[in-house]
Structures are given as structure tokens and as C-alpha cells.
Amino acid sequence: MSDKKRVTILGATGSVGQSTVDLIRRNRDQFEIGALTANSNVEALASLAREFSPQVVAIADSSRYGALCDALAGTGISVLCGQEGIVEASALPVDWTMAAIVGAAGLQPTMTAVQQGKTVAFANKECLVCAGDLMMADIRKYGTTFLPVDSEHNAIFQVFENTQREKIERLVLTGSGGPFRTVNREVMASATRAQALAHPNWSMGAKISIDSATMMNKGLEFIEACYLFDMPAEKIDILVHPQSVIHSMVEYADGSILAQLGSPDMRTPIAYCLGWPDRMDAPVEKLDFVKLSRMDFEAPDYKKFPALRLAREAHAAGMSATVTLNAANEIAVAAFLDDRIRFLDITNIVEDCLNHQEMLPISSVDDVIALDGIVRRLASRKLDEMS
Ligand code: NAD
Ligand code: MG
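Note that the structure is a prediction, hence the values are computed from the model and not measured.

*Asks:* Lay out the domain arrangement of the protein with the relevant residues and their values.
*Replies:* The domain architecture assigned to the protein consists of domain 1 (5-148) and domain 2 (154-263 + 285-386). Computed over C-alpha atoms only, the centres of domain 1 and domain 2 are separated by 24 Å. Each partner contributes to the interface: domain 1 provides 21 residues, whereas domain 2 provides 28 residues. Between domain 1 and domain 2 the total buried area reaches about 2,000 Å² when both faces are included, carbon and sulfur atoms providing 71% of it. On the domain 1 side of the contact with domain 2, Lys125, Val129 and Pro148 bury the most area, a combined 34% of that side's loss. In this structure, the connection of domain 1 to domain 2 is made through two salt bridges. Ionic pairing is found between Glu221 and Lys125, a salt bridge with its closest N-O pair at 2.9 Å. At the boundary of domain 1 with domain 2, the tally comes to six residue pairs in polar contact (both at pLDDT 80 or more). Looking at the side of domain 1 that touches domain 2, the elements that each hand over two or more residues are helix H5 (107-114), helix H6 (125-142) and strand E7 (145-148).

*Asks:* Residues and numbers for the coordination of the magnesium ion (ligand 2), please.
*Replies:* Summarising the metal site, the magnesium ion (ligand 2) is bound by the protein donors Asp150 (OD), Glu152 (OE) and Glu221 (OE), whose distances to it range over 2.1 to 2.2 Å. Site description for the magnesium ion (ligand 2): donor spacing in sequence, D-x1-E-x68-E. One end of the pair, Glu152, is in helix H7 (residues 151-159); the other, Glu221, is in helix H11 (residues 216-228), and 69 residues separate them in sequence.

*Asks:* Account for unusual backbone geometry, naming residues and giving values.
*Replies:* With an omega of 10°, the peptide bond running from Trp276 to Pro277 counts as cis. Tracing the backbone shows Pro277 in the loop between helix H12 (267-275) and helix H13 (289-292). Residue Ser244 is not a glycine yet carries a positive backbone phi of 50°. Checked against the element boundaries, Ser244 lands in the loop between strand E9 (236-240) and strand E10 (246-252). For Ser244, a relative accessible area of 5% puts it in the buried group. Look at Ser293: it is not a glycine, yet its phi comes out positive at around 65°. Structurally, Ser293 can be placed in the loop between H13 and helix H14 (306-317). Given the relative accessible area of 61%, Ser293 is considered exposed.

What counts and how
- Residues numbered from 1 in each chain as written.
- Chains lettered and ligands numbered in written order.
- Predicted model: local features only at pLDDT ≥ 70, side-chain atom pairs only at ≥ 80, totals over all residues.
- Heavy atoms only, no water.
- Domains from an automatic or database assignment.
- Contact = heavy atoms within 4.5 Å.
- Buried area = accessible area lost by both parts, 1.4 Å probe.
- Salt bridge = Lys/Arg side-chain N within 4 Å of Asp/Glu carboxyl O.
- Polar contact = N/O pair within 3.5 Å; in protein donor to acceptor, adjacent residues only side chain to side chain.
- Helix = DSSP H or I, 4+ residues; strand = E, 2+ residues; numbered from the N terminus.
- Donors = N, O, S within 2.8 Å, 3.2 Å for Na, K, Ca; no water.
- Buried < 20%, exposed > 50% of the residue type's maximum accessible area, 1.4 Å probe, protein only.

Next comes the structure, spelled out in C-alpha cells:
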């Protein structure tokens, strides 16, 4: 038996996936790869597979299956496809899984990884937003170790004293405020795709970059934090911090506030999760306080960024509403990226769907998937009405 940590990367070709690969590449002696998955990018997936020789690769887009088989002919690597293939890859026995698929598409694979009872590093926030109660219940049931990758939640995880949970008064989720922090809604109304994608501090996938511009990302992270840390909504504050150096904080009853700081580079939280419980090297720029010279803070603007209010309201209303929030947002963000709607329409569509979608009881992943589909169709009809 090798003493290497055996890891699977779900969403290996994405921004978080590539950062994870980068750390593994630099530490080849410590890791071996079980499975790698991607949506449709055969070239990127095949190139990773040739480099790392995983046991299995899976591609969600079945029409790309033949091309992937051709690209890996003679390697002995098993090739799977479709949503079933991704789920099968997620069930491969490994020590550690990076859940970095974007959107609710990651729900079943991530749940499957959780049900293996090993360690899951959680980047895919949408699956917690959709199914937080179910996910946390399975984490307890299968004794799974759960590590938050999202920089804010990773920061909180690093300074969250579990034995002092009663003495935790507040979690402070920081956020940069995104590319439109300093402009008004008139300017936001005519924002282009390129402007909305231009995050001031972080380099990320397209969907989360748009979510950062609407601040829906912070709304989703608020819901994510409620589940991950089992904290009531009123104990979670959002604070705008344009430099993205303090990644989040925990305030204790004695007035102490513990924060985790660092350069805005996802390889720090990913390395924390990859190495856990030990720390490992990450090739990130070390924080230079003199160069930084100052840190600024602002209250979030709930009027300018209605996504923050919508996320809090949806969380208070329950899982049916958070599934609706997420599905409508995914459809609206995709439509904005396709130049079908304007920037402010994104949150208008989400609010419209929340107002019109009847609340349904959610007690299983199948219920979540069914409602997710209903809301996607509702949001698509709203898009059609607009054009
Ligand atoms: P990305 O778009 O760069 O990558 C997404 C990955 O998911 C790709 O590998 C893609 O092939 C795969 N994928 C997409 N649709 C799929 C589908 N239908 N079925 C199977 N696989 C599919 O996204 P990202 O920025 O890496 O973000 C991934 C997740 O991590 C998101 O939930 C995001 O919110 C979260 N996250 C990202 C960052 C970041 O810095 N990028 C930070 C914190 C949290
Ligand atoms: Mg984050």
C-alpha cells in the first residue's frame, strides 16, 4: 500500500480544480489521483489524465465521450460519461475529495462523495445552499470529515474554537464588494459582461465572478456559513473589506476577534484542506503589511445589492426558497453571460421566481432536484417573456 493521500477532484478543469492540481503537481510524492471529472473540456481533462494517470476520468457531456476515449487510448484509464458517470467517479474509494463542480450540478456527486465517509473539501457552495440540511445530516451519518474551501469559511474554520462554541457571539463574513462597489445602480444597469467579470482581487470561474458582482456570492456564502457552522442567521454579519486580506472573523464573548489573513489566492485555503490536519507549503505571495499599509471596511449596501436581502429572506423561509434562489440565479447568470439580459435583471429574475414559486416540502435530494428543475423552467419562461 502506498502512503500517498489518494484524492479525487470533481471539477478538475475549473478555477478551483486547477489550483488544486497545481498544489498536487508541486507535491507529487504526497498524492496520487483516484478520479478527475469535467463538464465538456476533453482536451484539458485528457491532458490532466495523461499527466497524473488517475484510475478513472468522467466527463458530464456524453457527446464528448468518444473524443475522451480516443484521447486516452492505450493509457488504461477508465473513461465514464454523463451525470451517472460523474456520480460513479465520485464513489471511487479515495481518502480526500475536492468538490469543485460549479452549481447545483455538483449536488449528487458531492453527496455521493460525502456518503463514502472519508474527507470532502467543499468548494461547491451551491449544493449547500440547495441541500444544506441533507448534506450536513449525511456528514454526521457517515462520519465524514468536512473541510470548507471557500476562503471565508476556510478562514472561520481556522479560528473557530469548537469547544468554545457557546462563547461565539458572531461570525463576520468579509467580502470585497466586487467590481461595482463604488458605482451606483445607474452605472450597474448598463454594465457589460467584461465589467461584471472583472473582479478586483480574485481570479475565478465566470459564474462566481458574476455572483460577486451582484453580491449574490456573499448571500450564498451567508447560507453556506449557517449550515457549515450551525449558526443562527442573526449571528452572521457581512462586512465589506475591499482589500480581501482578512478572509473572515469569529468574535468571542470576551471581546476577542480571531481572523485569518493572507493574500487573495485560493491556493492557501486549498492547501489548508489538502494538508489537513497538517499545514503544507503553498506558492502564494506572502502578505506584506507595509506594502498593504491600510485595510478598509464598509457596511454592505442592501439597497444597491438586493441579492443580500434575497439570500437572507430565502434562508429564513427554508430550503424550498434557497433551492429557488439558487436555481433562478444560475439561469439568470447564464443568460447574462450569453448577453440575453442586463446586469440588474439577474436579481430581478431571482426575486420574481421567489415571489412566484410555491414552497414545496424538501426531504430528499430527489425533492431538491425536482424543485431545481421546476424553477429552472420558470426562470427560463421569465427570460423568454423579457425578450
Ligand atoms: P469553474 O467554472 O472555473 O469550474 C467549474 C468546474 O465544474 C469545471 O471543471 C467544469 O468542467 C465543471 N462543471 C461545470 N458544469 C458541470 C456539470 N454540469 N457537470 C459536471 N461538471 C461540471 O468554477 P470555479 O470558479 O472553479 O468554482 C467551482 C465552485 O467553487 C463553485 O461552486 C464556486 O462557487 C466555488 N468557489 C470558487 C472559488 C474560486 O476562486 N474560483 C472560490 C470559492 C468558491
Ligand atoms: Mg468566497
